[in-house]
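# Fold and contact review
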Amino acid sequence: MRLAMNNRGAKIVQYLITVIVLLTLNFFLPRMMPGDPLSYLLGDPGADAPMLLTEEMRANLREYYGLDKPLIGQYWDYVSGLARGDLGWSIYYNASVASVIVGRLKWTLLLGGTAALIYTALGIALGAVSAWRRGSKVDIGLLLTVFSLGSWPPFFLGMVFIVFFSYRWGMFPIGGAQSAEAARLGGLVQAQDVAYHWVLPGLTLVLTYLPGIYLITRNSMLSVLGGDYVRTARSKGILESLVLLRHALPNALLPILTTVAMRFGFMIMGTMFVEVVFAYPGMGTLIYEAGAARDYPLLQGAFLVTMVFVLALNLAADLVYGWLDPRVGRLRVTA
Amino acid sequence: MRKNLLAVCVLVLVVALIAGCGHPAPAATIDTATSTSPSTSITSPTEARTTAETRASRVSVTLPGDDWGYPSPFAFYSRGPGYIRMSLLFDTLTWKDQDGVVPWLAEAWTVSDDGTEWTFELASDVAWHDGERLTAEDVAFTFEYFQAHQGAFKWSWPVGKIESAEALDEETVVLNLTEAVAGAHEGLIGSLPIIPKHIWEGVDDPGKLTSEDAVIGSGPFRLLEYSKEEARYVYEANEDYFKGTPTVDELTFIRVENQALALETSTTGYASFWGREIEAVETFQNNGAYGVIDGPSFWVLQTIFNTQQPPFDDVQLRRAASHAIDRGRIVEQVTHGGAIVANLGILSPFTDWYNPDLPGYEHDPDRAKAMLEEAGATDLSLGLITTAGFAREAELVQADLEAVGIEVEVQTGDYSTIDGLLREGNFDLAINGHGGIANPAMLETPTWPAQTYDNAQYDKLYQQQAATVDEEQRRDLVWDLQEIVAEDLPVLTLYHPKMWTVYDASVLDTWFYTQGGVGFGIPISMNKLIFLP
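Residues numbered from 1 in each chain as written. Chains lettered and ligands numbered in written order. Predicted model: local features only at pLDDT ≥ 70, side-chain atom pairs only at ≥ 80, totals over all residues.

## Brief notes about the overall build of chain B
- Scanning chain B from terminus to terminus reveals 15 helices and 19 strands.
- Counting across all 533 residues of chain B, residues that qualify as buried make up 51%.
- Here the analysis covers contacts within chain B between residues at least 6 apart in sequence; of these, 72% occur between residues at least 24 apart. (Helix = DSSP H or I, 4+ residues; strand = E, 2+ residues; numbered from the N terminus. Buried ≥ 20, exposed ≤ 12 C-beta atoms within 10 Å, placed from the backbone. Contact = placed C-beta atoms within 7 Å.)

## Here's the deal with the overall build of chain A
- Scanning chain A for helices and strands turns up 16 helices and two strands.
- Seen through its C-alpha atoms, chain A measures out along the principal axes to roughly 85 × 60 × 40 Å.
- Taking all 335 residues of chain A together, 41% fall into the buried category.
- Taking the intrachain contacts of chain A between residues at least 6 apart in sequence as the baseline, contacts between residues at least 24 apart amount to 74%.

## Considering the sheet that holds strand 10 (residues 250–255) of chain B
Residues and elements named next belong to chain B.
- Judged by pairing direction, the sheet is mixed, and its four strands sit side by side in the order 1-10-9-8 without closing on themselves. In this open sheet, the two edge strands, each paired with only one partner strand, are strand 1 (60–65) and strand 8 (221–227). Averaged over all adjacent pairs, the angle separating strand axes in this sheet is 20°, with direction ignored.
- Pairing of strand 9 (residues 232–237) with strand 10, which is carried by four bridges, proceeds in the antiparallel orientation. Within strand 10, the position partnered with Glu 236 by the bridge is Glu 250. (Pairing = 2+ DSSP bridges. Axes fitted to C-alpha atoms, helices over the stretch in contact; angles between N-to-C directions.)

## Describing helix 7 (residues 154–168) of chain A
Residue and element names in this part refer to chain A.
- In a regular helix each residue adds 1.5 Å, so 15 residues correspond to 21 Å; helix 7 covers 20 Å between its end C-alpha atoms and thus fits that length.
- The secondary structure elements touched by the buried residues of helix 7 are helix 9 (187–225) and helix 13 (272–277).
- Looking at the residues trailing helix 7, positive phi occurs at Gly 170, about 60°. (Expected span 1.5 Å × (residues − 1).)

## Overview of the packing of helix 5 (residues 97–132) of chain A against helix 15 (residues 296–324) of chain A
Residue and element names in this part refer to chain A.
- At a minimum axis distance of 10 Å, the contact between helix 5 and helix 15 shows a crossing angle of 50°. What the angle tells us is that helix 5 and helix 15 run oblique. Here helix 5 runs over helix 15; the crossing is right-handed. Contact residues: helix 5 offers Val 97, Val 100, Ile 101 and Leu 105, while helix 15 offers Pro 297, Leu 298, Gly 301, Ala 302 and Val 305.
- The class makeup of the residues in the contact of helix 5 with helix 15 is eight nonpolar, one polar and no charged. (Parallel < 35°, antiparallel > 145°, perpendicular 65-115°, else oblique. Left-handed = near helix turned anticlockwise from the far one by under 90°. Nonpolar A, V, L, I, M, F, W, Y, C, P; charged D, E, K, R; others polar.)

## Here we look at the environment of Glu 144 of chain B
- Turning to its location among the elements, Glu 144 of chain B is positioned in helix 4 (residues 136–148).
- Residues Glu 144 of chain B and Glu 483 of chain B lie 339 residues apart in sequence; the distance between their C-alpha atoms is 38 Å.

## Overview of the confidence of the model for chain B
- Overall, the prediction assigns chain B a mean pLDDT of 87, with 89% of residues at 70 or greater.
- The low-confidence segment residues 1–55 of chain B (pLDDT under 50) makes 58 contacts with residues lying over four places distant or belonging to another chain. (pLDDT = per-residue confidence, 0-100.)

## Some words on the interface of chain A and chain B
- At the interface, 59 residues of chain A touch 68 residues of chain B.
- Within the side of chain A that touches chain B, the residues separate by chemical class into 35 nonpolar, 15 polar and nine charged.

## Comments concerning the sheet that holds strand 12 (residues 290–295) of chain B
All names here are of chain B.
- The three strands lie next to each other as 11-19-12, forming an open sheet whose pairing is antiparallel. The open sheet has two edge strands with one neighbour each: strand 11 (270–274) and strand 12. Each neighbouring strand pair of the sheet contributes to a mean axis angle of 20°, computed without reference to strand direction.
- Across the face of the sheet, helix 8 (residues 278–285) comes into contact with strand 11, strand 12 and strand 19 (499–504) while running at roughly 140° to strand 12.

## Focus on the pairing of strand 17 (residues 429–435) of chain B
Residue and element names in this part refer to chain B.
- Counted residue by residue, strand 17 has seven buried out of seven residues, so it is predominantly covered.
- Here seven bridges tie strand 13 (residues 299–305) to strand 17, and the two strands are oriented antiparallel to one another. Within strand 17, the position partnered with Leu 301 by the bridge is Gly 433.

## Quick look at the nonpolar core
- Ranked by size, the top nonpolar core spans 227 residues in total, and within it Leu 210 and Ala 302 of chain A together with Ala 430 of chain B carry the most contacts.
- At 15 residues, the largest contribution of residues to this core is made by helix 9 of chain A.
- If we ignore the near neighbours within four places in the chain, the residues touching Ala 430 of chain B are Ile 304, Leu 384, Ile 385, Thr 386, Ile 418 and Leu 422 of chain B. (Core = buried A, V, L, I, M, F, W, Y, C linked by C-beta atoms within 7 Å.)

## Comments concerning the packing of helix 10 (residues 228–235) of chain A against helix 11 (residues 240–265) of chain A
Residues and elements named next belong to chain A.
- Direction vectors running N to C along helix 10 and helix 11 enclose 150°, while the axes themselves pass 10 Å from each other. For the element pair helix 10 / helix 11, the angle class is roughly antiparallel. Considering how the two elements wind past one another, helix 10 and helix 11 form a crossing that is right-handed. Contacts from Tyr 229, Val 230, Ala 233 and Arg 234 in helix 10 reach Val 243, His 247 and Ala 248 in helix 11.
- Partitioning the contact of helix 10 with helix 11 into residue classes produces five nonpolar, one polar and one charged.

## As for the confidence of the model for chain A
- Overall, the predicted model of chain A reaches an average pLDDT of 84, with 93% of residues at or above 70.
- Segment residues 330–335 of chain A is flagged for pLDDT under 50; beyond a separation of four residues in sequence, or across chains, it makes four contacts in the model.

## As for the environment of Gly 435 of chain B
Residue and element names in this part refer to chain B.
- Counting through the fold element by element, Gly 435 comes out in strand 17.
- Residue Gly 435 is classed as buried on the basis of its 25 C-beta neighbours within 10 Å.
- Separated by 242 residues in sequence, Gly 435 and Pro 193 place their C-alpha atoms 22 Å apart.

Below, the structure written as structure tokens:
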């Protein structure tokens, strides 16, 4: 027990060091890219959004945003800000980084989260069925469908959806997360509207990520189904469906769990292309925009959130692993 | 056969998923369409007002857009559409319509002979959105407040030239400038939003004020809602507006990825296009339901020569390259006629400042070759940088230069990368866009954002025109500047893209392009006058 606690402590220290290294990289990497936040802010956007700013104003703005300070001074501002729980002020959006991120994160969680639940449940169910009926018409049909779906890049699938379901048939909106009127009416109307805007991007995500979960479940189940204990269970005359649910599936879950945890962890990056295609106001588009704008405080904040997300899910997977399979915990202690 | 099977499999799964998710049927969609909709249940806080009740129907208009920032004078993004969104909430002393400057908050004004002292007589009975009266105190406060907070806003109001401002009585203000400012109506008087003293007085960092207070102006609209992440702006008419109640009760901007599609599906009532989007415009032109207005083209795409290092420190080589590059072909093949070959002096023929008598460099590869040989420049090899958006233009320039024996390697990067390289002077040749406003200020740094061009005589002339109030004298100086650019070639301009406004006349048909552009020269047909009686 004591050993296990120490192990957990070491794990947390390990995660902390990772966070510190990443935070520092987070600060320096954007600053090593050519250009600076003022490049984009004052840059030339083309004839449809003209503007003109003088060098004098550029100097004023550099001073206002503290970009004229030496790098080490800026690093101190960043770290001491973080220590106070202050993520900073977005230069491009002219709003606090935290408020910009919260505004976007909720949409990504809604879009990516619901899609992830659906493709995980569906993937596991279909994978199990496929493995159980290996070689049958159902299995081959599912394999073919899933393989052909998996070969479509998400943004392309999204564009095909827009062309047919939105443009040709007018069944779904071409983009966005909700319509202006519904947002103001609120309540059930808004909920319906949000769900309705979710369908095409959500479906794109489900179809894109379903194959991964399906295949890993199918493979994992196949290896388990060949095991002695399954044969024993079957020979006892237990109902086939019970063998599948009670004996095979729990044992096949470990590799599936790893894949699922990783998928959830990378949800923010994973939804990025789909968000861009559907003009969905999530974190993916935000990171993309912040990078183009070299908005250092916003990039730092967005990466921090993404990073915490990935690490937290990894940590959760690590902990659940030990609980699901006691051997994992014991092995670590002796190592 | 196998393909069919696959398609069926995919379709079955898709249908099953849609059905399984239980989302509302398409028929239940919320209608985002525009035009008059008296029966919808959209209610706004002020709708119950008697003036609104007397109207037969509520006019709401939806326009396409993107997120251009919170429309406070200190928070909107430094782009034309950002300024436009702010200008719906705030007024300026003067404004512009299709013919030029018109009185606005100031009904009359005088200016001293040396151009440094301005006296304004304000319109009476102008109220802020919160009911307070707008007085000369507010105007004087505005000038001094902006002057004291440079760096906290991202717009080129020349407030550094403000010395002091004083309210003589409730409706008279005197503004003192440190020196004469040419085009003050465009840059300052007709562009700087007047802000309420009672709100901003105690605010130290105006950029950080993003509460509702920050958007209390005197303009024709009030802000009902702004969503940054969804790029949605909802404005409602200010029924007490001193120039009359707007004809549109509710104005909504939504994010639209494809403007043509949004207009076709009546999601929005307006779309704007430029340059190579000419094909979309042509389809609307052939459809009687839509109106199309040709706009001016102020923006310029140019080839920047790095005059600080070989080979282009030699003007003969810049001229040779200019004879080699076929600008007409670029306009034809890349923009499909959606642009005009640019004025070599940067300022578009659509501005009042255009100099039509500049030397030209007709496309003549043989002459270019001869000039290169004469200058002893053989076996030249150089780099050309640009953003991905102008890769096609870069390819054509590359082909033209290679045809006369100059080897060119094209490299593309995102905008910030190119900006960084240009500012460092780390390039031979670049293709970059510039400006987009009808204002000689575009000539300040002809190679912008590169700071590579060094010509003392040019800089002196620029400063001189910037302080010349007399229009005729100033035009002569601006013409001289264009002549220097055309002869000395720090840049070889390529094209000015055309612009178009396309609108659904059943929604709103009052669109026009402002003379010399909105404010300091924004060529967008979204002037607030469109929404006024």
